[in-house]
Amino acid sequence: MRIILLGAGWIMVAVGIVGIFLPVLPTTPFMILAAALFARSSPRFEQWLLDHPRYGKPLLDWRRQGAISRPAKIASVSLMTVSYGIVLFVGPPIVWLKLAIGTILLACAVFVLSRPQPTV
């Protein structure tokens, strides 16, 4: 089971890295999932993620407080809005699909905005 969790953790890191370059794919949720998988399979890789200069602080904020920073909230909701704009104007002309995507993105935005900001 340890090998499966370790492999899944590395897959999540890879998907998170792809998310750096694709604006519609978020990075941080995959890194959070990778850290959780590494916590159960490899404390060394978990610590590597927690010590990472770019992802360590958001991971620790989430783990300790369930918190998302203001800049991350702004970026997240902004990219969701841009993504939905693309779906509306370039996506297939299927009304129910556009409404479903909009509902999902709205629910995600509400969740992100409802998280506390990290305390220092």
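Residues numbered from 1 in each chain as written. Predicted model: local features only at pLDDT ≥ 70, side-chain atom pairs only at ≥ 80, totals over all residues. Heavy atoms only, no water.

1. Side note on the overall build of the protein chain
Rules: Only DSSP runs of H or I covering at least 4 residues are called helices, and only runs of E covering at least 2 are called strands; the numbering of each starts at the N terminus. Throughout, exposure labels follow a simple rule: accessible area from a 1.4 Å probe, protein chains only, divided by the maximum for the residue type, with under 20% read as buried, over 50% as exposed, and the rest as partly exposed. In this analysis, two residues are considered to be in contact whenever any of their non-hydrogen atoms come within 4.5 Å of each other. Exposure was quantified through the Shrake-Rupley algorithm and a 1.4 Å probe, taking into account, for residues, occlusion by the shown protein chains and nothing else.
If you tally the helices and strands in the protein chain, you get 6 helices and 0 strands. Mapped from its N terminus to its C terminus, the protein chain presents α and β elements in the order α-α-α-α-α-α. Structurally, the protein chain occupies a C-alpha span of about 50 × 35 × 20 Å along its principal axes. Residue burial in the protein chain is summarised as follows: out of 120 residues, 28% are buried. Within the protein chain, counting contacts between residues at least 6 apart in sequence, those at least 24 apart form 59% of the total. For the protein chain, the computed accessible surface area is about 7900 Å², with 75% contributed by carbon and sulfur atoms.

2. Some points on the confidence of the model for the protein chain
The following threshold applies: The quantity known as pLDDT measures the predictor's confidence residue by residue, on a range of 0 to 100.
Residues with a pLDDT of 70 or more make up 98% of the protein chain, whose mean pLDDT is 92. In the model of the protein chain, helix α5 (residues 70–90) stands out as the element of lowest mean pLDDT, 91, in contrast to helix α3 (residues 43–50), which has the highest, 95.

3. Here's the deal with the nonpolar core
Here is the rule we go by: To form a nonpolar core, buried Ala, Val, Leu, Ile, Met, Phe, Trp, Tyr and Cys residues must be joined to one another through side-chain atoms within 4.5 Å.
Ranked by internal contacts, the top residues of the largest apolar core, which has 14 residues, are Val-13, Met-31, Ala-34, Phe-38, Leu-49 and Leu-59. Counting residues per element, the ones that place at least two in this core are α1 (2–21), α2 (28–41) and α3. No other element matches α2, which puts 5 residues into this core. Dropping the residues within four chain positions of it, Ala-34 is found in contact with Gly-9, Met-12, Val-13 and Leu-49.

4. Looking at the packing of α3 against helix α4 (residues 56–65)
Basically, it comes down to this: Axis definition: a line fitted to C-alpha atoms, limited for helices to the stretch in contact. Angles are taken between N-to-C directions and run from 0 to 180 degrees. If an angle is under 35 degrees, it is roughly parallel; if it is over 145, roughly antiparallel; if it lies from 65 to 115, roughly perpendicular; otherwise it is oblique. By the convention adopted, Pro, Cys, Tyr, Trp, Phe, Met, Ile, Leu, Val and Ala count as nonpolar, Lys, Arg, Asp and Glu as charged, and the other residues, Gly among them, as polar.
The interhelical angle for the contact between α3 and α4, taken along N-to-C directions, is 105°, at an axis separation of 7 Å. Here α3 is positioned roughly perpendicular relative to α4, judged by the angle of their axes. Two secondary-structure elements touch here, α3 through Glu-46, Leu-49 and Leu-50 and α4 through Gly-56, Leu-59, Leu-60 and Arg-63. When its residues are assigned to classes, the contact of α3 with α4 shows 4 nonpolar, 1 polar and 2 charged.

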